[in-house]
Amino acid sequence: AEAAGPGSSGGTGLTDLPGELLELILCCDVLGAADIGRVSCTCRRLREACQPRGKVWRERFRLRWPSLLKYYSHSDSVSWLEEYKARHNAGLEAQRIVASFSKRFFSEHVPCDGFSDIETLGCPSHFFEDELMCILNMEGRKGLTWKYYAKKILYFLRQQNILKNLKEYLQRPTERQSFLEGAVLIDQYCNPLSDICLKSVQAQVDDITDKVRKVLRTKNPRHPSLASKAGEVLIPEVELQRQVLDAMNCVLYEQLKYKGNELDYYNSLNSYIHQVLIRRTGIPISLSVLYLTIARQLGVKLEPVNFPSHFLLRWCQGKEGSTDIFDYTYIDAFGKGKQLTVKECEYLIGHHVTEEFYGVVTSKEVLQRMVGNLLNLGKRESTDQSYQLLRDSLDLYLAMYPDNVQHLMLQARLYFHLGIWPEKVFGVVWKVLDILQHIQALDPSQHGAVGYLVQHTLEHIERRKEELGPEVKHRSDEKHKEVCFSIGLIMKHKRYGYNCVIYGWDPACMMGHEWIRNMNVHSLPHGPHQPFYNVLVEDGSCRYAAQENLEYNSEPHEIPHPDIGRYFSEFTGVHYLANTELEIRYPEDLELTRATVQKIYSSGKE
């Protein structure tokens, strides 16, 4: 359409149309921001129709970034044109930073000392995060490296915000520290890319509470828990409290089939409250938090008990605040809400305990135990070579107890093991040497272990200074003539059957004598004197495989490994394309990979 005036030939123009119809046309999704900008420059009528605070620019913003509208209310006076520009510029900045990360951090296992430019962004953080989500949600099998680093950055940003929320939570008075909110904060920190929020979790708990009220209504239509303000006032009568607990057990364990996860007890999902609600199973402490929350919403005060090996709740049968452990009944949420005596609690764990273990604990102590469980799980992990769960749970523990020497030392050792040299821990500029210095100040008896780590950290820094750059491996070199496979090929292990993709190779085994002995390499026909390949395995592990143990995969498919984007930019359908950084190290592999794929997979998939 043309912006014709009333006297123009050719009939009615845009400017002759009623305002509402003109707005409707300008809000059409086939028009872009540049079109609106050009239209607004044609005449005063169209400039007014496209005013910065008007409907047209708001619709442009909504069409481009619909998820961002939740940050605005209808009562806000917003310049949508300026918001559009700000979001557009934030997107460009996010793309620039993500693109730079591969080159900057390819040699490091996880980027953790390069977030200073992110923390000084000149745009709202939710704009930046929204662009990262757009990158992560790109369709297809391309942009793998961008997605990999966008995920790392988003992980970091969200964890920093959650850590701030946790610290604010811990500073509140104890009576304002909800057990459920604490559990959600731990869940969010360990799963920062998942859509977990307190409001959603609370809504699911409220739904269970409503089901309990329905059961109560059939048993006792005049029960005080059915009142509109139930939960604000505790029910004093023990018999009425018992009716609530019976109804809870009926709903949770009979109707909804909640249960303790005895078959897969050490699965970390049992510790995450949103997963407990989805899967309807958990461990004693996570099920206890759910049970306690529902009971309190119905006017029954249950208290957490840090019982050894098996977290419990206690329910007062005597005078409120009694210190006599026999005035309480103990509830096992893991055991379908079974009510226990003191003696039965000891039978549960198989040994006698002193009275102190029957005492009530604070919300911070409950969180400490939850995080402690995750710490122990993190230490047990074998396939996750980045030890993400261990690192996350250490972060949480040290956020609560920043001067705990044992966990500070564990963190320093972990970073040393992984080759991570972070500048930022808990938002404070702390290099590994500063962590070690802090440990020494807290506990001088640690000088031996601290000295060892300091020495090796300094040696590492010196080696980094002397590095000339990545080693480049040319296939034309005589020493590489026995290397048969190339970067990006999808392979299968002959002996163990796992599927994997090659991301590196050596002309002979480069591991030490101890590894060669432990892996029984000498039992192979060619022993260590054959090419070995670095492979990403579909179970999430990274392995070092002998050439004679690998074969081409007859049915190549994507390898679901968390580090795939660190090395590859695209999956073609039959092989992976190395990203720029990996291609620099193996400059002649791409051509060989393509030739190999064409020879083996003649069906023309590529």
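The structure this text deals with has already been given above.
Residues numbered from 1 in each chain as written. Predicted model: local features only at pLDDT ≥ 70, side-chain atom pairs only at ≥ 80, totals over all residues. Heavy atoms only, no water.

Asker: Mind showing me how you'd approach the overall build of the chain here?
Answerer: Counting its secondary structure elements, the chain contains 23 helices and 15 strands. Counting over 606 residues, the chain shows a buried share of 49%. A sequence separation of at least 24 residues applies to 60% of the contacts in the chain between residues at least 6 apart. Taken as a whole, the chain presents about 31,000 Å² of accessible surface, with 50% of it coming from carbon and sulfur. (Helix = DSSP H or I, 4+ residues; strand = E, 2+ residues; numbered from the N terminus. Buried < 20%, exposed > 50% of the residue type's maximum accessible area, 1.4 Å probe, protein only. Contact = heavy atoms within 4.5 Å. Areas by Shrake-Rupley, 256 points an atom, 1.4 Å probe, with all protein chains shown as cover.)

Asker: Sorry if this is basic, but what is going on with the packing of aromatic side chains here?
Answerer: Within a pair of aromatic rings, the relevant descriptors are the distance that separates the centres and the angle that separates the planes. All chains considered together, the criterion is met by 23 aromatic pairs. On the basis of an interplanar angle of 50° and a centroid distance of 4.8 Å, the ring pair of Trp65 and Tyr84 is categorised as tilted. Highlighted residues: Trp65 in the loop between helix H4 (55–64) and helix H5 (80–105) and Tyr84 in helix H5, separated in sequence by 19 residues. Between Tyr265 and Phe334 the ring centres are 5.8 Å apart and the planes differ by 75°, which places this aromatic pair in the edge-to-face class. A residue pair is termed long-range when its members are at least 10 positions apart, and Tyr265 in the loop between strand E1 (259–260) and helix H12 (273–279) and Phe334 in the loop between strand E5 (328–332) and strand E6 (338–340) qualify at 69 residues. Across the ring face of Tyr401, the terminal group of Lys364 is positioned such that the distance to the ring centre comes to 4.6 Å. Seen from the ring of Tyr266, Arg380 lies directly overhead, with NZ or CZ sitting 4.1 Å from the centre. (Phe/Tyr/Trp six-rings, centres within 6.5 Å; stacked < 30°, edge-to-face > 60°. Lys NZ or Arg CZ within 6 Å of the ring centre and 35° of its normal.)

Asker: Can you walk me through the nonpolar core in this structure?
Answerer: Most often, soluble globular proteins keep nonpolar side chains buried together rather than apart. Grouped together as the largest cluster of nonpolar side chains are 70 residues, with contacts concentrated most on Ile208, Met248, Tyr258, Tyr291, Ile294 and Leu302. Beyond its immediate stretch of four places on either side in the chain, Tyr291 contacts Leu245, Met248, Asn249, Leu252, Tyr253, Leu302, Leu313, Ile331, Ala333 and Gly337. One finds Cys27, Phe101, Ile153 and Phe156 within the second-largest nonpolar core, a separate group that totals 38 residues. (Core = buried A, V, L, I, M, F, W, Y, C linked by side-chain atoms within 4.5 Å.)

Asker: Is there a simple way to explain the sheet that holds strand E3 (residues 302–305) in this structure?
Answerer: Whenever strands of a sheet pair, they do so through backbone hydrogen bonds, lying parallel or antiparallel. Pairing within the open sheet is antiparallel, and its 4 strands lie in the order E3-E4-E5-E6. Of all the strands in the sheet, just E3 and E6 have a single pairing partner and so form its edges. Direction aside, neighbouring strands of the sheet carry axes that sit 35° apart on average. Bridge analysis of E5 against E6 gives 3 bridges, and the strand direction is antiparallel. In the strand pairing of E6, Asp332 is matched with Lys338. In the packing of helix H14 (residues 342–349) onto the sheet, contacts are made with strand E4 (312–316), E5 and E6, and the angle to E6 comes to roughly 110°. (Pairing = 2+ DSSP bridges. Axes fitted to C-alpha atoms, helices over the stretch in contact; angles between N-to-C directions.)

Asker: Mind showing me how you'd approach unusual backbone geometry here?
Answerer: Both trends apply: most residues other than glycine have a negative phi, and most peptide bonds are in trans. A positive phi angle, close to 60°, is found at Lys336, a residue other than glycine. The residue Lys336 is located in the loop between E5 and E6 in this model. One non-glycine residue, Asn520, lies in positive phi territory at about 55°. Following the sequence through the fold, Asn520 ends up in the loop between helix H20 (513–518) and strand E11 (532–537).

Asker: Help me understand helix H11 (residues 238–255) in this model?
Answerer: In an α-helix there are 3.6 residues to a turn, and that puts residues three or four apart on one side. The end-to-end C-alpha distance of H11, which contains 18 residues, comes to 24 Å, matching closely the 26 Å that a straight helix rising 1.5 Å per residue would cover. For H11, every residue scored as buried is listed here: Leu240, Gln241, Val244, Leu245, Ala247, Met248, Asn249, Val251, Leu252 and Tyr253. (Expected span 1.5 Å × (residues − 1).)

Asker: What is the right way to look at the sheet that holds strand E12 (residues 542–546) in this model?
Answerer: Across the sheet, which stays open at both edges, the 5 strands sit in the order E12-E11-E10-E9-E13 with antiparallel pairing between neighbours. The strands lining the two open edges of the sheet, one partner per strand, are E12 and strand E13 (550–552). Averaged over all pairs of adjacent strands, the angle between their axes in this sheet comes to 50°, without regard to strand direction. Here 3 bridges tie strand E9 (residues 490–493) to E13, and the two strands are oriented antiparallel to one another. Note on E13: the bridge partner recorded for His493 is Leu550.

Asker: Explain the state of the cysteines here, please?
Answerer: Within the structure shown, the criterion is met by 0 disulfides. A disulfide-free cysteine, Cys43 has its sulfur positioned 9.1 Å from the sulfur of Cys50, the nearest such atom. Assessed through its relative accessible area of 21%, Cys43 is described here as partly exposed. (Disulfide = S-S within 2.5 Å.)

Asker: What's the story with the environment of Asp395 in this structure? I'm lost.
Answerer: One can find Asp395 in helix H16 (residues 388–400). Asp395 sits in the buried class, given a relative accessible area of 11%. The spacing of Asp395 and Gln159 is 236 residues in sequence and 9.7 Å in space, taken between C-alpha atoms. At 2.8 Å, the side chain of Asp395 forms a polar contact with the side chain of Tyr189. (Polar contact = N/O pair within 3.5 Å; in protein donor to acceptor, adjacent residues only side chain to side chain.)

Asker: Looking at this model, I keep getting lost on helix H9 (residues 179–190). Mind explaining?
Answerer: For H9, built from 12 residues, the straight-helix expectation of 16 Å at 1.5 Å per residue is met to within 8% by its first-to-last C-alpha distance of 17 Å. Most of H9 sits out of view: 12 of its 12 residues are buried. Within the span of H9, buried status applies to Phe179, Leu180, Glu181, Gly182, Ala183, Val184, Leu185, Ile186, Asp187, Gln188, Tyr189 and Cys190.

Asker: Explain the pairing of strand E10 (residues 499–506) to me, please; I cannot follow it from the model alone.
Answerer: As a general feature of sheets, a regular strand has side chains that alternate between the two faces. Taking burial as the measure, the 8 residues of E10 include 8 buried ones, the bulk of the element. For E9 and E10, the ladder comprises 3 bridges, and the chain directions are antiparallel. In the strand pairing of E10, Met491 is matched with Cys500. Here E9 folds back onto E10, and the loop between the two strands holds 5 residues, one of which, Gly497, carries a positive phi near 80°. With 6 bridges connecting them, E10 and E11 associate as antiparallel partners. Looking at the pairing, Val501 lines up with Leu536 of E11.

Asker: How do you make sense of the side chain of Ser288 when you look at a structure like this?
Answerer: Mapped onto the secondary structure, Ser288 falls in helix H13 (residues 284–297). There is a polar contact of 2.7 Å between the side chain of Ser288 and the backbone oxygen of Pro284. Those residues in contact with Ser288, other than ones at most four positions away along the chain, are Phe311, Leu313 and Ala333.

Asker: Sorry if this is basic, but what is going on with the pairing of E4 here?
Answerer: With 5 of its 5 residues buried, E4 lies for the most part within the structure. By the alternation rule, side chains of E4 split into Leu312, Arg314 and Cys316 and Leu313 and Trp315, which are all buried. Pairing between E3 and E4: 4 bridges, direction antiparallel. Looking across to E4, one finds that Pro304 is bridged to Leu313. Taking the residues that link successive antiparallel strands as the turn, the E3-E4 hairpin has 6 residues, and the phi of Ser309 there is positive, at about 70°.

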